[in-house]
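Below are the chains, spelled out letter by letter.
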Amino acid sequence: MTVAPRQALRALHDELAARDLPLAGMLLTRLQAVLTLPNDVVVRCCCGWLIWPTGRLSAWGRPLHTVHSVFDAAGAARRLAQLTHGLSGDEAERWAHDGHAGRLAADGLDGLP
């Protein structure tokens, strides 16, 4: 079973919206789909995978990328929430599911201990 790039990013867009994560832009063409987050993270869809930079370099100095299946848009959105907000896995999970997603307090994220 294959998923068109535009279908994959639309599903990811819906999952990000459910977590109140904003988008800076989205480009959909017949063969390519690119989603841009406000912190300039670019998510691309290629060959059944969602790909975005981790913001780290390998031991050889080359940029590392995260690869996530297009069939798990919810998981990709959860991982992008971690990257966007700099949270640990447990914190991002609580943040995404505690009903306070997307609200920022002056001293940090609401709903986190």
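Residues numbered from 1 in each chain as written. Predicted model: local features only at pLDDT ≥ 70, side-chain atom pairs only at ≥ 80, totals over all residues. Heavy atoms only, no water.

**Topic: the confidence of the model for the chain**
Here is the rule we go by: Confidence scores here are pLDDT values: one per residue, from the predictor, ranging 0 to 100. The helix and strand labels rest on DSSP assignments: H or I over at least four residues marks a helix, E over at least two residues marks a strand, and numbering proceeds from the N terminus.
Per-residue confidence for the chain averages 77 on the pLDDT scale, and 73% of its residues sit at or above 70. When pLDDT is averaged over each element of the chain, strand E5 (residues 63-69) comes out on top at 92 and strand E6 (residues 104-105) at the bottom at 36.

**A few points about unusual backbone geometry**
Trans peptide bonds make up the majority, and among non-glycine residues the majority have a negative phi. So the rule is basically this: For every residue, the accessible area obtained with a 1.4 Å probe (protein chains only) is divided by the maximum for its type, and the residue is called buried under 20%, exposed over 50%, and partly exposed between those limits.
We note that Asp20 has phi near 60°; this positive angle belongs to a residue other than glycine. Overall, Asp20 belongs to the partly exposed group, its relative accessible area being 46%. The phi angle at Cys47 is positive, at roughly 55°, despite the residue not being glycine. Using a relative accessible area of 72% as the deciding quantity, one classes Cys47 as exposed.

**Concerning the pattern of salt bridges**
Formally: Salt bridges are identified by distance alone: a Lys or Arg side-chain nitrogen within 4 Å of an Asp or Glu carboxyl oxygen.
Throughout the structure, instances matching the rule amount to 1 salt bridge. Between Arg19 and Glu15 there is a salt bridge, and its shortest N-O distance comes to 3.1 Å. With relative accessibility at 26%, the residue Glu15 sits in the partly exposed group.

**Structural notes on helix H1 (residues 5-18)**
Helical geometry note: an α-helix holds 3.6 residues per turn, so side chains three or four residues apart project in the same direction. The criterion, for reference: Residue count minus one, scaled by 1.5 Å, sets the expected span of a helix. Note that the arc is defined by the directions from the helix axis to the C-beta atoms.
An ideal rise of 1.5 Å per residue puts 20 Å on 14 residues; H1 measures up with 20 Å between its terminal C-alpha atoms. When H1 is considered as a whole, its buried residues turn out to be Pro5, Ala8, Leu9, Leu12 and Leu16. Each buried residue of H1 sits inside an arc of 90° when the element is viewed along its axis, so together they form one side. Looking at H1, the residues exposed on the side facing more than 90 degrees away from the buried face are Asp14 and Ala18. Looking one or two places after H1, you find Asp20, whose phi comes out positive at around 60°.

**Structural notes on the environment of Ala33**
Heads up, the rule is: Working rule for contacts: check all heavy atoms of both residues, and any pair within 4.5 Å makes them a contact.
As for its position among the elements, Ala33 is in strand E2 (residues 33-36). Of the residues examined, Ala33 reaches a relative accessible area of 0% and is grouped as buried. Ignoring any residue separated from it by four or fewer positions in sequence, one finds Ala33 in contact with Pro5, Arg6, Leu9, Leu27, Leu28, Val43, Arg44 and Cys45.

**Here we look at the state of the cysteines**
The test is simple: Any two cysteine sulfur atoms lying within 2.5 Å of each other are counted as a disulfide.
Summed over the entire model, instances satisfying the criterion amount to 0 disulfides. The closest cysteine sulfur to the non-disulfide-bonded Cys45 is located on Cys46, 7.4 Å from its own sulfur. With no disulfide of its own, Cys47 lies closest to Cys46 among cysteine sulfurs, the gap being 3.5 Å.

**So, the sheet that holds E2**
Rules: Any two strands with at least two DSSP bridges between them are considered paired. Convention adopted: a line fitted to C-alpha atoms gives each axis, helices being fitted over their contacting stretch, and angles between N-to-C directions are expressed from 0 to 180 degrees.
Read from one edge to the other, the open sheet built from 5 strands follows the order E1-E2-E3-E4-E5, with strand pairing classed as antiparallel. Edge positions in the sheet fall to strand E1 (25-28) and E5, since each has one partner strand and no second. Across the sheet, the axes of successive neighbouring strands diverge by a mean angle of 20°, strand direction being ignored. Of the strand pairs in this sheet, strand E3 (residues 42-46) and strand E4 (residues 49-57) are connected by 3 bridges, and their pairing is antiparallel. Residue pairing for E4: Cys45 is matched across the bridge by Leu50. Contacts between H1 and the sheet are confined to E1, E2, E3 and E4, with E2 contributing the most and set at about 20° to the helix.

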